Amino acid sequence: MIEVRVHGSLTELDRAAMEALNLGSRSASAFSSPYWLEQFLEHDRDHRAQAPRVVILAAYDGQALTGYLPLKQKVDGNGRKLSCLISLVPLTRARGNTR
């Protein structure tokens with residue numbers, strides 16, 4: 001039976017198991033690597049400025065990790081929202097240029 005657990009940081013997960021799962025996927029991506037996610041959380045200026053709570057949903061079959069979904073939780077005027085951890089913004093918009 002698959003069990004979904006909620007984690008509040010990457011340090012709570014086995015990064016080697018996450019990386020093996022990512023590399024074994026048909027849609028493997030450097031951006032799904034726990035090592036890339038760790039660097040993003042540490043260095044991305046916009047992420048640090050917004051300071052959302054990290055929420056990682058992880059699926060397990062027994063003790064084996066079978067999937068993970070990194071999310072962020074923010075509170076705005078409408079309440080709490082969960083969204084994808086990584087939001088790519090065009091570079092020109094990120095620097096305040098509206099063209």
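Residues numbered from 1 in each chain as written. Predicted model: local features only at pLDDT ≥ 70, side-chain atom pairs only at ≥ 80, totals over all residues. Heavy atoms only, no water.

**Section: helix H1 (residues 15–23)**
If you check which residues of H1 are buried, you get Met18, Glu19 and Asn22. One side of H1 carries all its buried residues, which in axial view fall inside an arc of 95°. Among the structural elements, helix H2 (34–43) and strand S3 (64–76) are those in contact with the buried residues of H1. Structurally, the start of H1 carries an N-cap: the backbone nitrogen of Ala16 is 3.0 Å from a side-chain oxygen of Asp14. (Buried < 20%, exposed > 50% of the residue type's maximum accessible area, 1.4 Å probe, protein only. Helix = DSSP H or I, 4+ residues; strand = E, 2+ residues; numbered from the N terminus. Arc of directions from axis to C-beta. Contact = heavy atoms within 4.5 Å. Polar contact = N/O pair within 3.5 Å; in protein donor to acceptor, adjacent residues only side chain to side chain.)

**With respect to the pairing of S3**
Within a regular strand, the side chains alternate between the two sheet faces. When strand S2 (residues 53–61) meets S3, the two strands line up antiparallel, connected through nine bridges. Its bridge partner lying in S3, Val55 is registered against Leu71. Of the pairings in the sheet, the one linking S3 to strand S4 (residues 79–84) comprises six bridges and is antiparallel in character. Within S4, the residue paired with Leu71 across the bridge is Cys84. Linking two consecutive strands that pair antiparallel, namely S3 and S4, is a turn of two residues. (Pairing = 2+ DSSP bridges.)

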